[in-house]
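Here is what each chain is made of, one letter per residue.
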Amino acid sequence: MSKCPYTYFRSFFQKKSSDNKAANLRVLVQRNNETVVDVSLPAHSARWLIELIPDDVIAKIYAEGIPLKEIQDNLAKQEILYATDIFKLEEQDRKIIVWLQ
């Protein structure tokens, strides 16, 4: 069974400061507790998040009710990207975590 906390939306209520600017978009994928993807991209890559995620994963993200398009649209509108969790998708044998750092 999947778990999907809406950490991205909670981030809107956190106080932002100029020293909390994100430098990197981080993506971590684990299967059976082994890391299979650990990528660090420039933070502005988050503005094209959907293009970076495989189609089968996008389908699962939407199936969990995560508004990925809206998240991406919001990130694209932000002049400055701040360090925050974007989303997590946890399944029995796979975990995907995407955040700005």
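To start, this report covers the structure provided alongside it. (Residues numbered from 1 in each chain as written. Predicted model: local features only at pLDDT ≥ 70, side-chain atom pairs only at ≥ 80, totals over all residues. Heavy atoms only, no water.)

### Description of the environment of S45
Within the secondary structure layout, S45 lies in the loop between strand 2 (34–42) and helix 2 (49–52). Its relative accessible area of 11% is what places S45 among the buried residues. When the C-alpha positions of S45 and L25 are compared, they lie 6.7 Å apart, and in sequence the two are 20 residues distant. Setting aside chain neighbours within four positions, we find S45 in contact with L25 and L52. (Helix = DSSP H or I, 4+ residues; strand = E, 2+ residues; numbered from the N terminus. Buried < 20%, exposed > 50% of the residue type's maximum accessible area, 1.4 Å probe, protein only. Contact = heavy atoms within 4.5 Å.)

### Some words on helix 3 (residues 55–63)
All buried positions along helix 3 are accounted for by V57, I58 and I61. Taken down its axis, helix 3 places every buried residue within 105 degrees of arc, on the same side. Among the exposed residues of helix 3, those pointing more than 90 degrees away from its buried face are D55 and A63. On the buried face of helix 3, the contacting elements are helix 2, helix 4 (68–77), strand 3 (84–90) and strand 4 (94–100). With its phi angle positive at about 85 degrees, G65 sits one or two positions after the end of helix 3. (Arc of directions from axis to C-beta.)

### Details of the pattern of salt bridges
When the charged atoms of two side chains lie near each other, side chains of opposite charge can form a pair. Counted under the stated rule, the structure contains four salt bridges. Across the pair R26 and D38 runs a salt bridge, and its minimum N-O distance is 2.4 Å. Here R26, found in strand 1 (residues 24–31), pairs with D38, found in strand 2; they are 12 residues apart in sequence, far enough to count as distant. Of the residues examined, R26 reaches a relative accessible area of 15% and is grouped as buried. Look at D38 and you get partly exposed, because its relative accessible area is 48%. Between K60 and E91 there is a salt bridge whose closest N-O contact spans 3.6 Å. Here K60, found in helix 3, pairs with E91, found in the loop between strand 3 and strand 4; they are 31 residues apart in sequence, far enough to count as distant. (Salt bridge = Lys/Arg side-chain N within 4 Å of Asp/Glu carboxyl O.)

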